[in-house]
Every structure is written in structure tokens, then in C-alpha cells.
Amino acid sequence: MASRNLWHMRSNFLLGSRCWITQYSTEIFKSISFRLFGMKCDNADREPLEKEDVLNNLVAMGVDIDMAKKRQPGVFNRTITNEQDLQMFLLSKGASKEVIANIISRYPRAITRTTESLSKRWDLWRKIMASDLEIVNILERSPESFFRSKNNEELEKNINFLYSVGLTGKCLSRLLTNAPRTFSNSLSLNKQMIKFLHEVCLSLGYSDPTDFVRKIIFKNPFLLIQSTKRVKANIEFLQSTFTLNNKELLVLICGSGAGLLGLSNDYVKRNYENIKEKLFSFGCTEEEVQKFVLSYPVAIFLAEKKFNDKINYLIEEKISISQIIENPRVLDSSINTLKNRIKELVPAGYNLNTSKITVLSWSQKRYKAKLQKTKKTAPGA
């Protein structure tokens, strides 16, 4: 009897313990679950509100939200943004609200920059640019140039280095305006290119590397963001293809041929072969082809179809290939511009076969003045 009571007591104890453990485990699970799901729900509720504030701020500032999301959608997932601080900073520098809205629409990552970082970067740019307004104008045209990098230390090092190798403030201003990535480069990359250009200069017999670098970079501000391998390949191509001596090559790459150095070497070769083939088809000699390209290296920039279409159209209008070779800048104009001007000039009495065809590439103002003068002097005017 005693043993049965003992067994009964033990069973009740175990059963009670089991129930207590089960009940306690359930409470723990509920507590943990509540906290976990509560945290998730809390974050889910709070995050969209933060994003909504950003969107409302940007809409109020006049930002094109669709454009901004298309360009850099990840910005809208950032926990912290500084759009209002950015607006106040740029307003203090003379930018209008419309310009600021345009900057953010085109480069929304700008709103992630802090006022401290912006102030430091602005001060560094002012070492090169003459006024705040000049910087604002660059930002309006190319916001990426200012906001793409936040590495102000690298920017400062590059500015000091480029000044130290003889580049003038005017040259650095041109670099900052046209090729701002130069200043986002690692300092070692810029040093590597400058060293390479010094070596090229000395190998061509020119004793002033500083002057050489200044001339070639001013002519081609994108050179410092190219690889030395590409530049070297193009220099070798120009020298071997046109059998230039050192002095002739120096003149070319420090002048009208500087732009070619940054192109893909395959692109340069392919376009040159196309020019040769096209001009050969009209009876030109190798010498005439080389004369044409050396007097107008920009021709190599033209894609094959564009070059061929322009040549074909001018030939159809009874302009000779020799006229084109003598006046290659006529190819600066688009096909539509060529068509419109020929349609106006010929009825006005201008004879393209006997008169200079350079008029087809003149500025609009100069061209209009020539057209009016032609109309007045035409027979029966």
C-alpha cells in the first residue's frame, strides 16, 4: 500500500512537472516570439516612414523622382540621407533650387554626402576654380564630377601632385571640368602616367618634359584616365603608319593628334583602314590618304558608317574628293547640316564646285552672314 501511494505521488509529481515545463516553455516561446515578431513589425513600420520622409523632401525640392530612381535606385534604401543639408549647402554657394533639383535628379547619390565632406571637397575645388559659381556650373553639367567620390584625401594629393609636375591652374581647371575622374584616380596611377609621358618626351628628343606634359594634357584632358599601354600602342601606330620622324610625331601628339591617344587601338586601326579603303575607291593615292588624315586626325574618331555616309553625300552633290581632302573640316558637320546648307547655298547662287566648301563647316552665325551676302550679290538680286 505504501509503495503504491509512493508511486502515485511520484506520477503526480512528474505529471505536474511535465505540465509545468510545457506551460513554462509555451510562455517562453510566446515571449520570444512576441519580441522577435514585434521587432520585425516595428522595423517594417518605421522604415517605410523614413523612406516616405525622404521622398516627400525630394518631391518638395522639385526632384524628378522617376529619373533619380532609374539612375541610382539603391539611394532610396539608405537609412540616412542628407537631402536638406545638401540643399542648404548648395544654396549657400549660389546654386538655385532648380539647379539643385536637377543635380539630385541626375545624381541622387549626392544626398548621401555629409556637410563636412562637402565643405572639404568644395575648398579643394576652390584651389583650382576661380569662384563658387564656376563650380556650380560644372555641377549642373556634370554632377558626377563632384559627388562621385568622397575620398577628399586622394583628391588633395592629386591636386598637389599635378601642380608639382608643372600643370597650371588653367590646365587643372580643364581637367576638373572635362575629366574629373583624374582626381579620383589613385595617386600612383597618375604618377605612372606622368612618368610614362616624361619617358616618351625624352625618347623623342624633346628636353622639356614639363612643357610636353602640359601641352599634351591640355590638348587631351582625358589622357590621365587612360592606361599607359593604350597610349603607347597608339603612339607606336602613328609613328609607324605615317613614317613620322621624332619632331613630326611631337607636333602631332601635342596638337591635333592628342585626342587619338586615348582611343582603343583596335578602333584607331579599324577606322584608319576604312578611311584608306574609302578614299582608295575614289582613286586617291597612299600619299593623299596620309595627307588627309594628318591634316585632320579627327577623321579617325568617326565611325565607319558615319564617315562613309558623309563622303558619299558630298560626292553625290558634285563635290570632288580632292576638294574634301583639301578641306577635311567639312566632315565636322552632320549629314543634316550639310544637306540644309547645300539646299540654301546652291539656289542662292553659291557654286560649291568653284568656291570654297569650308562654308559648310562654319559656325551658324558666320554661315548665315555668308548666305545673306551670297543672296545679295547673286545675279538678279
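Residues numbered from 1 in each chain as written. Predicted model: local features only at pLDDT ≥ 70, side-chain atom pairs only at ≥ 80, totals over all residues. Heavy atoms only, no water.

### Considerations on the overall build of the protein chain
Thought 1: Within the protein chain one finds 19 helices and zero strands.
Thought 2: Burial statistics for the protein chain: of 381 residues in total, 41% are counted as buried.
Thought 3: When contacts within the protein chain are restricted to residue pairs at least 6 apart in sequence, long-range pairs at least 24 apart make up 70% of them.
Thought 4: When the accessible surface of the protein chain is split by element, carbon and sulfur atoms take 54% of a total near 21600 Å². (Helix = DSSP H or I, 4+ residues; strand = E, 2+ residues; numbered from the N terminus. Buried < 20%, exposed > 50% of the residue type's maximum accessible area, 1.4 Å probe, protein only. Contact = heavy atoms within 4.5 Å. Areas by Shrake-Rupley, 256 points an atom, 1.4 Å probe, with all protein chains shown as cover.)

### Here we look at the packing of aromatic side chains
One pair of aromatic rings is described through two measures. These are the centre distance and the angle between the planes.
Thought 1: Following the criterion strictly, the structure yields eight aromatic pairs and no others.
Thought 2: Measuring from centroid to centroid gives 5.6 Å for Phe-89 and Trp-122, while their planes differ by 80 degrees, and the two rings are edge-to-face. Of this pair, Phe-89 sits in helix H3 (residues 83-92) while Trp-122 sits in helix H5 (residues 115-125), placing them 33 residues apart in sequence. Neither residue differs from the other here; Phe-89 and Trp-122 are each classed as buried.
Thought 3: Plain terms: the ring middles of Trp-125 and Phe-146 are 5.1 Å apart, the flat faces sit at 75 degrees to each other, and that makes the pair edge-to-face. With Trp-125 in helix H5 and Phe-146 in helix H7 (residues 144-147), the pair connects residues that are 21 residues apart, well separated along the chain. Side by side, Trp-125 and Phe-146 carry an identical accessibility label, which is buried. (Phe/Tyr/Trp six-rings, centres within 6.5 Å; stacked < 30°, edge-to-face > 60°.)

### Thoughts on empty space enclosed by the protein
Thought 1: Going through the model one piece at a time under the given rule, you end up with one cavity of 30 Å³ or more.
Thought 2: Lining the largest cavity are Arg-113, Ser-117, Leu-118, Arg-121, Phe-146, Phe-147, Ser-149 and Lys-150.
Thought 3: The leading source of residues in the lining of the largest cavity is H5, at three residues.
Thought 4: In terms of residue class, the lining of the largest cavity is built from three nonpolar, two polar and three charged. (1 Å grid on protein atoms, 1.4 Å probe; cavity = no way out; pocket = protein on both sides within 12 Å on 5 of 7 lines; lining within 4 Å. Points joined across faces, edges and corners; volume = space filled by probe spheres on them. Nonpolar A, V, L, I, M, F, W, Y, C, P; charged D, E, K, R; others polar.)

### Here's the deal with the pattern of salt bridges
Thought 1: On inspection of all chains with the given rule, the structure shows 12 salt bridges.
Thought 2: Note that Arg-214 and Asp-211 form a salt bridge whose closest N and O atoms lie 3.7 Å from each other. Pair noted here: Arg-214 and Asp-211 are both in helix H11 (residues 209-219), with a separation of three residues, about one helical turn.
Thought 3: Overlapping salt bridges bring together Lys-120, Lys-127 and Glu-156 as one network. (Salt bridge = Lys/Arg side-chain N within 4 Å of Asp/Glu carboxyl O.)

### A word on the confidence of the model for the protein chain
Thought 1: When pLDDT is averaged across the protein chain, the result is 86; 86% of the residues are at 70 or more.
Thought 2: Taken element by element, the predicted model of the protein chain shows its lowest mean pLDDT in helix H1 (residues 2-60) (50) and its highest in helix H14 (residues 265-280) (97). (pLDDT = per-residue confidence, 0-100.)

### Here we look at helix H15 (residues 286-295)
Thought 1: The complete set of buried residues in H15 reads Val-289, Gln-290, Phe-292 and Val-293. In an axial view of H15, the angular spread of the buried residues amounts to 160 degrees, which keeps them on one side of the axis.
Thought 2: Packing partners of the buried residues in H15 comprise helix H12 (228-241), H14, helix H16 (304-316) and helix H17 (321-326). (Arc of directions from axis to C-beta.)

### With respect to the nonpolar core
Thought 1: Phe-212, Ile-217, Phe-292 and Leu-360 are the most contacted members of the largest nonpolar core, which has 105 residues in total.
Thought 2: Among the elements that line this core, the one with the most residues is helix H10 (residues 187-203), at seven residues.
Thought 3: Apart from residues lying up to four places away in sequence, Phe-212 is in contact with Leu-197, Val-200, Cys-201, Tyr-206, Leu-250, Ile-253 and Cys-254. (Core = buried A, V, L, I, M, F, W, Y, C linked by side-chain atoms within 4.5 Å.)

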